[in-house]
Amino acid sequence: MIYDFESNDPAAYLTDYQRFVGTKRINGHWNALIDNKLAFHRVLGEFPAHRPTVYGLLVNGRLHAFDPAQQLALTDGGIECKRSPGSATTQPTEEPIDWLDDILSDGDRLVLKWFSGGGGNNVHFLERVDGKYRFDGEWTSESDLVETLAGLEDYLVCEFVEQADYADELFPDTANTLRVLTMYDDRAREAFVPIAIHRIGTRDSVPVDNFSNGGLSAQIDRETGALSAGAEYPHDGTVGWHETHPETDARIKGTTIPGWADIRDRLLEIAETLSHVPYVGWDLVVTDEGEFRIIEANSYPGVTSLQVHRPLLTDDRTRRFYRDHGVV
């Protein structure tokens, strides 16, 4: 239902078996470096301009702050010290609700995501408005929030990244992310992008933009950064295609990511720095022209939202990469 077997040879598509079994072996034991979101956050320490802040980890009903020497407050420009370093009142762990009451001002938002896994199923959004809290867009009492947070074991508490205006215009109720696949070519000794897509949220996918959750997938022209029409998952048996967003009426097809060439080239520099991890699916939020944050990465990313546009194995360089790594 998803792939166009009438126009393309089925053998040109990477199969589910090849994805789940074959591509999982490409990075070997380095998978753990990518799939553990806290470990990956540490890896990105070499690229601070491209990683969101991670404030702490929810474990055993407590928030374990990653900088216990100081209490951090959110500001429009990032974070600042709210209590002086070394203050006797500062604790390395505390009740999550106390931390939130101290830190969040009206309008501030946080992302809560499980330290592992993908697909958007373990991601939540917390916002404070007029002294009250909204969890995944729904109002919640403080007592219910305390209970909810107590059930989020091994969840990272992260900065909410504001997306660029063009992405907000596409659909304002989700972060509309780029999924960029990179491969490291050992023969040419360089990384390359075999395919990239822009995910766009819908009312069905809120609070995330994932294709399988009801979001749209638009292919990115790797040279120009222009988007194709957005594909909609075939819940009724047929892939839907949208040149404009079905709810916001914003133009999708032909919209160009501002500063795409800079984004692509910078991501390739990062991928080459991590050449010992040759296969990565990067999730990016474009924040301004040529600027982005990496919100997470995947060591054996799903290919359905990619191959809905075209089969991966028709490209010789891509096929050779998979062959060299024993996938095809």
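On to the sheet that holds strand E14 (residues 227-232), then. The strands making up a sheet associate through hydrogen bonds between their backbones, and the pairing can be parallel or antiparallel. Reading across from one edge, E15-E14-E13-E12-E11-E16-E17 is the order of the seven strands in this open sheet, with antiparallel pairing throughout. Each of the sheet's edge strands pairs with one partner strand only, and the pair in question is strand E15 (240-242) and strand E17 (291-298). On average, each strand axis in the sheet is tilted by 30° relative to the strand beside it, whichever way the strands run. Bridge analysis of strand E11 (residues 178-185) against strand E12 (residues 190-200) gives seven bridges, and the strand direction is antiparallel.

The buried count for strand E16 (residues 279-288) comes to eight of 10 residues, which makes it a mostly enclosed element. Pairing between E11 and E16: six bridges, direction antiparallel. Bridge pairing in E16 links Arg179 to Asp283. Bridge analysis of E16 against E17 gives seven bridges, and the strand direction is antiparallel. Bridge pairing in E17 links Asp288 to Glu291. Between E16 and the antiparallel strand that follows it, E17, lie two residues; Gly290 among them carries a positive phi value of about 75°.

A word on the pattern of salt bridges. Here the structure, examined in full by the defined rule, presents 14 salt bridges. Linking Asp324 and Arg187 is a salt bridge whose minimum nitrogen-to-oxygen distance equals 3.0 Å. Note that Asp324 is positioned in helix H9 (residues 316-324) and Arg187 in the loop between E11 and E12, a separation of 137 residues in sequence. Arg199 is the salt-bridge partner of Asp283, the closest N and O atoms lying 3.1 Å from each other. With Asp283 in strand E16 and Arg199 in strand E12, the pair connects residues that are 84 residues apart, well separated along the chain. Taking relative accessible area as the criterion, Asp283 reaches 4% and is therefore assigned buried.

A few words on H9. Turning to H9, its buried residues are Thr318, Phe321 and Tyr322. Viewed end-on, H9 has its buried residues packed into an arc of 95°, placing them on one side of the element. Elements in contact with the buried residues of H9: E11, E12 and E16. The N-terminus of H9 is capped by Asp315, whose side-chain oxygen sits 3.3 Å from the backbone nitrogen of Arg317.

This part takes up the nonpolar core. Across soluble globular proteins, nonpolar side chains have a tendency to be buried as a group. Residues Leu178, Ile257, Trp282, Leu284 and Ile294 are the most contacted members of the largest nonpolar core, which totals 39 residues. At the level of elements, helix H3 (37-43), helix H6 (165-170), E11, E12, strand E13 (216-220), helix H7 (260-273), E16 and E17 are the ones that each hand at least two residues to this core. Sort the elements by how many residues they give to this core and H7 lands first, with six residues. Other than its neighbours up to four places away in sequence, Ile257 contacts Tyr166, Leu178, His198, Ile220, Gly225, Leu227, Ile263 and Val286.

Along E11, eight of the eight residues are buried, which leaves the element largely enclosed by surrounding structure. Both faces of E11 are covered, namely the face carrying Leu178, Val180, Thr182 and Tyr184 and the face carrying Arg179, Leu181, Met183 and Asp185. The turn joining E11 and E12, which pair antiparallel and follow one another in sequence, is formed by four residues; a positive phi near 55° is taken by Arg189.

Take the sheet that holds strand E10 (residues 155-159) next. Taking strand neighbours across the sheet as the criterion, the eight strands line up as E5-E2-E1-E10-E6-E7-E8-E9 in an open arrangement whose pairing is antiparallel. On the outer flanks of this sheet lie strand E5 (93-94) and strand E9 (138-140), each paired with one strand and no other. Summarising the sheet, strand E6 (residues 109-114) and strand E7 (residues 123-129) pair through five bridges and their orientation is antiparallel. Paired with Arg109 across the bridge in E7 is Glu127.

Rules used in this analysis
- Residues numbered from 1 in each chain as written.
- Predicted model: local features only at pLDDT ≥ 70, side-chain atom pairs only at ≥ 80, totals over all residues.
- Heavy atoms only, no water.
- Pairing = 2+ DSSP bridges.
- Helix = DSSP H or I, 4+ residues; strand = E, 2+ residues; numbered from the N terminus.
- Axes fitted to C-alpha atoms, helices over the stretch in contact; angles between N-to-C directions.
- Buried < 20%, exposed > 50% of the residue type's maximum accessible area, 1.4 Å probe, protein only.
- Salt bridge = Lys/Arg side-chain N within 4 Å of Asp/Glu carboxyl O.
- Arc of directions from axis to C-beta.
- Contact = heavy atoms within 4.5 Å.
- Polar contact = N/O pair within 3.5 Å; in protein donor to acceptor, adjacent residues only side chain to side chain.
- Core = buried A, V, L, I, M, F, W, Y, C linked by side-chain atoms within 4.5 Å.

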